[in-house]
Number of protein chains: 2
Amino acid sequence: MKDEGTEDHILSAAEKVFQRKGMDGARMQEIANEAGINKAMLHYYYRSKRFLFEAVLSKAFSLIAPEINRVINDDTHLFQKIENFTPSYINFLQKHPYLPNFLIQELNRDSDFIGVLHSKKDFLDFQKFQEQVDREIQEGNIRPIKAEQLFIHLLSLNVFPFLAAPLIKGFLQLNGSEYKQLMEERKEEVTRILINYIKIKE
Amino acid sequence: MKDEGTEDHILSAAEKVFQRKGMDGARMQEIANEAGINKAMLHYYYRSKRFLFEAVLSKAFSLIAPEINRVINDDTHLFQKIENFTPSYINFLQKHPYLPNFLIQELNRDSDFIGVLHSKKDFLDFQKFQEQVDREIQEGNIRPIKAEQLFIHLLSLNVFPFLAAPLIKGFLQLNGSEYKQLMEERKEEVTRILINYIKIKE
DNA sequence: GTCTATAGCCAGATAGAC
DNA sequence: GTCTATCTGGCTATAGAC
């Protein structure tokens, strides 16, 4: 909105629709309505549905990678980063509730789209995190672990419960507020499980 | 195949197509081709695309819930169950590679489908697992934890890395074999992290 | 750059012969 | 029950006026 040019305006509308409906479920007409402009404009600026979709996918990746980067690569202690990840992620989810699911879904669906990622440069800067983990190991503060594994643990424990919420609710026969309560408790759970795992007791 | 009636035959074909392409991406023609029959037959047996899809979704849930149940509710020790979960899940994935992603995706997409689940009776039998966890706590073998949380930890650590494989590969700039190597290492990682978390050291 | 109108296609669904 | 042929609607995309 605001002072965006029409092109960005369209992209914002496309994000909303594509992230909720996916590539196949989305309709150009709905995107046009969302943007408050005509359907023909979408083609004028982005040529085809596919190109518009790829712009959205690419931007989604560019949006989430730095976000994770920010948590992983600030100057705080390793344990502090683990602790910060959960509230940061929940905060991100509030702004972009459909984005993680969207990315995972569409990258799984059409392996061509992975090429879209590789043409970009907004990868995670994993180096710094890796060095931090290795340093902590050498100093004898944590037990040996690959930084990649710790990272995947952190993502798994934080992201999956939101991703699979309807499925887990089905499994455990929970209603919305019961599940929300579990998620609340997890904030502490996740931190403790990871720190407990890597920390060397004195 | 084999001696299935036409109805089951169609359902098998529909599973393959729907699980790979999703509700919106799937084409009735493709399902008919996969089943080796005519498109009109699909409507003769299942009336509409939506009904056929719901049959597939419902069956997917009925397929995975007992599978998890089987691991969670056999007679082995709690630690043993945690250990068994990973190889069981990987084995399941080999038979139904698209199923977890399919369920999560479609349940997130259209909240109407959650009703399909509630009309079924193949929920997870969580009672037994819950009692086992509570017993271990009372006997002082593990530290206090909600069975639900332990269950979600277990699912998260096992399921997410496969679900988000393309995304994580993008983040960490890994190729297929590097990622496969990480997954191999995780088999042990996941078991250790959970048992280490709950086990009370003597 | 922005619109209206429409081309052209393709998908789900059905009619009706066998 | 199974097929072919076809209807009908909706979708992407474009032509062309302004």
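Residue positions are given per chain, counted from 1 along the sequence in the order it is written. The lettering of chains begins at A and the numbering of ligands begins at 1, in the order of writing. Per-residue local features are limited, in this predicted model, to residues with pLDDT of at least 70; the limit for side-chain atom pairs, both in listing and counting, is 80 or more; totals at the level of whole chains, interfaces and linings are taken over all residues. Processing note: side-chain calculations cover all non-hydrogen atoms of the structure and skip hydrogens and water entirely.

S.K.: How should I be thinking about the environment of R135 of chain B in this particular structure?
M.R.: Numbering goes from the N terminus for both helices and strands, where a helix is a DSSP run of H or I of at least four residues and a strand is a run of E of at least two. Positionally, R135 of chain B belongs in helix α8 (residues 126-138). Considering only alpha carbons, one finds R135 of chain B and F123 of chain B, 12 residues apart in sequence, at a separation of 23 Å.

S.K.: Whenever I open this one, the protein's contact with DNA strand D confuses me. Can you help?
M.R.: For each residue, the test is whether any non-hydrogen atom lies within 4 Å of the molecule or strand; if one does, the residue is near. Neighbouring DNA strand D are 16 residues, the closest being K39 and K49 of chain A together with N38, M41 and Y45 of chain B. Near the protein, meaning within 4 Å, the atoms of DNA strand D are sugar or phosphate in a fraction of 62%, with bases accounting for the rest. In this structure, K49 of chain A approaches DNA strand D through a main-chain N or O atom, which is 2.7 Å from a phosphate oxygen. In protein, a polar contact means a hydrogen-donor-capable atom and an acceptor-capable atom, both N or O and within 3.5 Å, with residues adjacent in sequence counting only if both atoms are side-chain atoms; elsewhere, any N or O pair within 3.5 Å suffices. Separating a phosphate oxygen of DNA strand D from a side-chain N or O atom of N38 of chain B is a distance of 2.9 Å.

S.K.: Is there a simple way to think about the interface of chain A and chain B in this case?
M.R.: Note on contacts: a residue pair qualifies if any of its non-hydrogen atoms lie within 4.5 Å across the two residues. With 57 residues of chain A at the contact, the number on the chain B side is 56 residues. Across the interface of chain A and chain B, roughly 5300 Å² is buried in total on both sides, 65% from carbon and sulfur atoms. Here's the idea: put two parts together, see how much 1.4 Å probe accessible area each one loses, and the total over both is what we call buried area. Interface area lost by chain A to chain B is led by F160, F171 and Y197 of chain A, which between them contribute 13%. We define a salt bridge as a side-chain nitrogen of Lys or Arg found within 4 Å of a carboxyl oxygen belonging to Asp or Glu. Run the count over chain A and chain B and you get four salt bridges. In this structure, R143 of chain B and E189 of chain A form a salt bridge, with 3.8 Å as the shortest nitrogen-oxygen distance. Listed by contribution, the elements that provide at least two residues to the side of chain A that touches chain B are α1 (6-25), α4 (49-72), α6 (99-109), α7 (113-118), α9 (147-163), α10 (165-172) and α11 (176-198) of chain A. Examining the composition of the side of chain A that touches chain B, we find that 12 residues originate from one element, α9 of chain A, more than from any other. Charged means Asp, Glu, Lys or Arg here, nonpolar means Ala, Val, Leu, Ile, Met, Phe, Trp, Tyr, Cys or Pro, and polar covers whatever is left, Gly included. Residues that form the side of chain A that touches chain B fall into these classes: 33 nonpolar, 12 polar and 12 charged.

Keep in mind that these numbers describe shape and distance, not what the molecule does.
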